[in-house]
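Residues per chain, in single letters:
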Amino acid sequence: MREVTPKRIREMKGKEKITMVTAYDYPSALLADKAGIDIVFVGDSLGMVVYGDNNTLNVTMEQMVFHTRAVAKAVKRALVLADMPFSSYEVSVEEGVKNAVKLIQAGADAVKIEGGADHEKLVRKLVRMGIPVMGHTGLTPQRYLRLGGYRITGETEEEIEEILRDAKALERAGAFAVVLEFVLADVAKLVTEEVSIPTIGIGAGPYVDGQVLVWHDLLGIYESSPPFAKRYAELGKIILDALGQYNREVKSGEFPGREHYWEFMDKEDFRRKAQKALERLGDGE
Ligand SMILES: Nc1nc(=O)c2c([nH]1)NC[C@@H]1CN(c3ccc(C(=O)N[C@@H](CCC(=O)O)C(=O)O)cc3)CN21
Ligand SMILES: CC(C)C(=O)C(=O)O
Ligand SMILES: [Mg+2]
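Note that the structure is a prediction, hence the values are computed from the model and not measured.

S.K.: Tell me about the domain arrangement of the protein, residues and numbers included.
M.R.: You can read the domains of the protein as domain 1 (6–238) and domain 2 (250–283). Relative to domain 2, the C-alpha centre of domain 1 lies at a distance of 55 Å.

Structure, rendered in structure tokens:
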């Protein structure tokens, strides 16, 4: 059992802000855990930032299982959370349960689903069988086609009602937290006051119980980050500079330098051995 548990996350509401960041591979997860992040999250955003799609709809259970395994091997302290991908839980509660189990068996401590009120039965079932669940409302990227793109939510009475209904349904069904994505800050504040479980915002302002960002946005290695993401570094630029320098040094002969290769000290010794080796090859023909 890792140090940060769903119970601990629940207890942080109103006391200490919850930090969450995505990670999709072993070295990244190692760093996120070392930095003291509370929740290391294998998001289905990997379909976009790792696999190059322009939405998250093609992400498969197989991909989520493989990336979750790599991340779970690295994390010692943080809670490991895995996204349920599009179509892995909508068809039936049975299928949702089977797929959630696959992510848990890959090393996740909890799973996240998009929506709330529509999945109350699934959430209740998972929680009763011992799988902690995080919900997700506001902008739900798996509804990309119906939404016609990614935009802010919570502007109309109907949307505010829908977001509140989702959050309350998740609370009732036993979810341990809920993500509020791209929600007007006033609405996120209202939801945070209305439910007893922590709210974790992304593009939802400061009046929430925690924040989540996508790895590639935070570190500056993705060209089309959402407008609400803060870039804490420009790793893309650093990587580009390093690769450019490598390319130039190989072309010019500067790399490999003397410290990066090994050679015979005694050239006569080498000449004799090489001669023997060449002769033996000749015999075999
Ligand atoms: N790299 C990355 N970061 C994210 O935060 C993220 C993903 N990917 N993929 C899954 C979802 C999708 N999210 C997004 C993506 C784009 C916008 C965005 O750029 N909105 C624009 C308008 C875009 C449009 O017109 O389609 C805006 O200015 O509001 C918002 C949320 C958040 N999530
Ligand atoms: C944007 C976050 C909350 C997410 O669901 C993801 O990264 O997949
Ligand atoms: Mg997601």
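S.K.: Help me get a handle on unusual backbone geometry, residues and values and all.
M.R.: Put simply, phenylalanine 255 and proline 256 share a cis peptide bond, and its omega is 5°. Here proline 256 is to be found in the loop between α11 (235–252) and α12 (267–283). Phi is positive for serine 87, which is not a glycine, with a value near 75°. With respect to the helices, strands and loops of the structure, serine 87 is situated in the loop between β3 (79–83) and α5 (93–105). At phenylalanine 182, a position not held by glycine, the phi torsion is positive, near 45°.

S.K.: Could you give an account of the packing of helix α6 (residues 120–129) against helix α8 (residues 157–173), naming the residues involved and the relevant values?
M.R.: At a minimum axis separation of 8 Å, α6 and α8 run at an interaxial angle of 30°. As judged from the angle between their axes, α6 and α8 are roughly parallel. Viewed along their axes, α6 and α8 form a crossing whose handedness is right-handed. Seen from α6, the contacting residues are Glu120, Val123, Arg124 and Val127; seen from α8, they are Ala169, Leu170, Arg172 and Ala173. For the contact of α6 with α8, the class distribution of residues is 5 nonpolar, no polar and 3 charged.

S.K.: Give a description of the site of ligand 1 that names residues and reports values.
M.R.: Around ligand 1 sit 15 residues, and of these Met48, Val49, Glu181, Asp217 and Pro226 come closest. Aspartate 217 is positioned such that a nitrogen or oxygen atom in its side chain is 2.5 Å from a nitrogen atom of ligand 1. Compared with its free state, where it exposes 660 Å², ligand 1 has 71% of that area covered by protein. In terms of residue class, the shell around ligand 1 is made up of 12 nonpolar, 1 polar and 2 charged.

S.K.: How would you summarise the UniProt feature "active site" (unreviewed entry) in the protein if you had to cite specific residues and measurements?
M.R.: Under the UniProt annotation, the feature "active site" (unreviewed entry) is placed at Glu181. Every residue in contact with glutamate 181, bar those within four places of it in the chain, is listed here: His136, Thr137, Gly138, Leu139, Pro141, Thr153 and Ile202.

S.K.: Run through the packing of aromatic side chains, naming residues and quoting values.
M.R.: According to the stated counting rule, one finds 4 aromatic pairs in the structure shown. Considering the side-chain rings of tyrosine 246 and phenylalanine 255, the 6.2 Å spacing of their centres and the 70° angle between planes classify their relative orientation as edge-to-face. The ring centre of phenylalanine 66 lies 5.5 Å from the NZ or CZ of arginine 69, which sits over that ring.

What counts and how
- Residues numbered from 1 in each chain as written.
- Chains lettered and ligands numbered in written order.
- Predicted model: local features only at pLDDT ≥ 70, side-chain atom pairs only at ≥ 80, totals over all residues.
- Heavy atoms only, no water.
- Domains from an automatic or database assignment.
- Helix = DSSP H or I, 4+ residues; strand = E, 2+ residues; numbered from the N terminus.
- Axes fitted to C-alpha atoms, helices over the stretch in contact; angles between N-to-C directions.
- Parallel < 35°, antiparallel > 145°, perpendicular 65-115°, else oblique.
- Left-handed = near helix turned anticlockwise from the far one by under 90°.
- Contact = heavy atoms within 4.5 Å.
- Nonpolar A, V, L, I, M, F, W, Y, C, P; charged D, E, K, R; others polar.
- Near = heavy atom within 4 Å.
- Polar contact = N/O pair within 3.5 Å; in protein donor to acceptor, adjacent residues only side chain to side chain.
- Areas by Shrake-Rupley, 256 points an atom, 1.4 Å probe, with all protein chains shown as cover.
- UniProt positions renumbered as here; feature names shortened; annotations may be inferred.
- Phe/Tyr/Trp six-rings, centres within 6.5 Å; stacked < 30°, edge-to-face > 60°.
- Lys NZ or Arg CZ within 6 Å of the ring centre and 35° of its normal.

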